[in-house]
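Each chain is listed here by its residues.
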Amino acid sequence: MNDTKNIKSHKIHLFKEHKEINCLENSTILEATLAAHINHTHACGGQAKCSTCRVSIRKGLENCSPRNEAEKLIADKLNFPAEIRLACQTHINGNISIRRMVSDKMDMDIIFEQFSDQSGIALGIQQKLTIVFTDIVNYTSLAEKFPPYDIVHVLNRYYRIMNTIIQDNNGIISDVAGDGILAVFGMDNKSNNSVLDAFNAIDGMNEKLKLFNKYLEENFNIQFGIRAGVHYGNVIVGPFDTGAMKKMAVIGDNVNYASRIESANKEFGTKLLLSEEAYSEIKNKYPNYNMYEATLKGKTGQYKLYEII
Ligand code: FES
């Protein structure tokens, strides 16, 4: 006979619902929430197949049972951090606080798409990367004097050429906006110095630009230059999906910082500036520099920016 009186129970605090429920020691988190009439999504019926029951353990992770094989399969595939657990597979031996991660159909749709993502970072991760912003010197001469189809054509040619160089140096173009490119280096951990990769890529871009400028000179009587800002820091990397467009993107304060560094080139009349964090990664190889102290839009204080000479 099942005598629940002698079975220990623990408290689960539900962050979204602002309430506390009991969980018997031999029950899973999902069994406890369902018993408390919480509308806890569990599309596969608790078979460790869908991950829609996933919860974020806000407190008491040490009170959760280790992942079993079934949970481990899903956790490895989706690269779950330790605190994301399948409620249908997790037992507890002490009090915990959780936040259910699937609230509605849209959450479910996003989760099901994560299953088909092959990148291994479907949930998004924090990674230390080198972030590069570039823009084109003299782009406005083209934009002001030539019709839209010429601008689009030239920019597509430019992106295509630059993309090859960036990829050759272990980087990817994360975004383009007008004449600007946002590229990141270090995502696939192929090299042990992503700042050096970025620096080599910018060097290569300038080399390729010489040839491209011949084309521009011949066809449009203009020449381009490249300005670049480089920073090295933590960013959030993940697949972002608007419904109409899906892309792997990087976000975070360090991305904005790299953009501000690129803009500072105009103030100092430079073509390439690196943050202190980025420069320290390559200073042994490039010991000669000019240093500028800058105030950057949207940031407080003074920042040291480095130009390699
Ligand atoms: S209910 Fe499907 S994995 Fe938990």
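Along each chain, the written sequence defines residue order, and numbers are assigned to residues from 1. In keeping with the predicted nature of the model, local features appear solely for residues at pLDDT of at least 70, side-chain atom pairs appear and are counted solely at 80 or more, and the whole-chain, interface and lining totals rest on all residues.

**Section: the overall build of the chain**
Looking only at helices and strands, the chain has eight helices and 13 strands in total. Atoms counted for the radius of gyration: C-alpha only. Globule rule: 2.2 Å times residue count to the power 0.38. Relative to the globule expectation of 19 Å for 309 residues, the C-alpha radius of gyration of the chain, 26 Å, shows a markedly less compact shape. Taken along its principal axes, the extent of the C-alpha atoms in the chain is 90 × 40 × 35 Å. For every residue, the other C-beta atoms within 10 Å of its own C-beta are counted; 20 or more classify it as buried, 12 or fewer as exposed, and values in between as partly exposed. C-beta atoms are placed from the backbone. Expressed as a percentage of its 309 residues, the buried residues of the chain come to 32%. Note on contacts: each residue gets a C-beta atom placed from the backbone, and two residues are in contact if those atoms are within 7 Å. Sequence separation of at least 24 residues holds for 65% of the intrachain contacts in the chain that already meet a minimum separation of 6. Each helix is a run of H or I in the DSSP string that is no shorter than four residues. Each strand is a run of E no shorter than two, and both are numbered from the N terminus.

**Some remarks on unusual backbone geometry**
Phi is positive for His18, which is not a glycine, with a value near 55°. Relative to the helices and strands, His18 is located in the loop between β1 (9–14) and β2 (19–24). The backbone phi angle of Ala48 is positive, close to 60°, even though this residue is not glycine. With respect to the helices, strands and loops of the structure, Ala48 is situated in the loop between α1 (29–35) and β3 (54–59). Residue classification places Ala48 among the partly exposed positions, given that 19 C-beta atoms sit within 10 Å.

**Here's the deal with the sheet that holds strand β4 (residues 84–86)**
Strand order in the open sheet made by the five strands is β2-β1-β5-β3-β4, with mixed pairing throughout. Among the strands making up the open sheet, the edge pair consists of β2 and β4. Direction aside, neighbouring strands of the sheet carry axes that sit 40° apart on average. Judged from the four bridges that link them, β3 and strand β5 (residues 96–100) form a sheet pairing that is antiparallel. In the strand pairing of β5, Val55 is matched with Arg100. Strand pairing requires that DSSP identify at least two bridges connecting the strands. Angles run from 0 to 180 degrees between N-to-C directions of axes, and those axes are lines fitted to C-alpha atoms, restricted for helices to the stretch in contact.

**Examining helix α6 (residues 194–220)**
Of all the bends in α6, the greatest, near 30°, is centred on Lys210. If you check which residues of α6 are buried, you get Ser194, Val195, Asp197, Ala198, Phe199, Ala201, Ile202, Met205 and Leu209. Asn221 sits one or two positions beyond α6 and adopts a positive phi of about 55°. The angle separating two fitted axes, one through the seven residues that finish at a residue and one through the seven that start at it, defines the bend at that residue.

**A closer look at the environment of Gln89**
Looking at the secondary structure, you find Gln89 in the loop between β4 and β5. Classification of Gln89 by C-beta neighbours within 10 Å gives buried; the count is 23. Note: C-alpha distance between Gln89 and Ser27 (62 residues apart in sequence) is 9.3 Å.

**Quick word on the domain arrangement of the chain**
These domain limits were set by an automatic method or by a database of domain assignments. Segmenting the chain into domains produces domain 1 (4–116) and domain 2 (125–308). Between the C-alpha centres of domain 1 and domain 2 the distance comes to 42 Å.

**Focus: the environment of Leu14**
Tracing the backbone shows Leu14 in strand β1. With 19 C-beta atoms counted inside 10 Å, the residue Leu14 sits in the partly exposed group. Sequence-wise, Leu14 and Thr33 are 19 residues apart; in three dimensions their C-alpha atoms are separated by 9.0 Å.

**Some words on the nonpolar core**
For the purposes of this analysis, a nonpolar core is taken to be any set of buried Ala, Val, Leu, Ile, Met, Phe, Trp, Tyr and Cys residues that are connected through C-beta atoms within 7 Å. Core analysis: the largest hydrophobic core is formed by 44 residues, its most contacted members being Ile131, Val132, Ala198, Ile202, Val230 and Ala258. The dominant element in this core, judged by the number of residues it contributes, is α6, at seven residues. When neighbours within four sequence positions are excluded, Ala258 is seen to be in contact with Ile131, Val132, Phe133, Gly229, Val230 and His231. Listed in part, the 15 residues of the second largest apolar core include Cys23, Cys53, Ile57 and Ile98.

**Here's the deal with the pairing of strand β7 (residues 171–177)**
With six bridges joining them, β7 and strand β8 (residues 180–185) adopt antiparallel strand pairing. Bridge pairing in β8 places Ala177 opposite Gly180. Between β7 and β8, which follow one another and run antiparallel, lie two residues, and Gly178 among them has a positive phi close to 60°.

**What about the packing of helix α5 (residues 148–168) against α6?**
A pair of packed helices can be characterised by two numbers: the angle between their axes and the separation between those axes. Orientation of α5 relative to α6, taken along the N-to-C sense of each, is 145°, at an axis distance of 9 Å. In this structure, α5 crosses over α6, and the sense of that crossing is right-handed. Two secondary-structure elements touch here, α5 through Tyr158, Ile161, Met162, Ile165 and Ile166 and α6 through Ala201, Gly204, Met205, Lys208 and Phe212. The residue inventory of the contact of α5 with α6, partitioned by class, reads eight nonpolar, one polar and one charged. Crossings are assigned a handedness: left-handed for a near helix turned anticlockwise from the far helix by less than a right angle, right-handed for a clockwise turn. Each residue receives one of three labels: charged for Asp, Glu, Lys and Arg, nonpolar for Ala, Val, Leu, Ile, Met, Phe, Trp, Tyr, Cys and Pro, and polar for the others, Gly being one of them.

**Digging into the pairing of β2**
Pairing between β1 and β2: six bridges, direction antiparallel. For Ser9, the partnering residue across the bridge sits in β2 and is Leu24. Linking two consecutive strands that pair antiparallel, namely β1 and β2, is a turn of four residues; a positive phi of about 55° is found at His18 within it.

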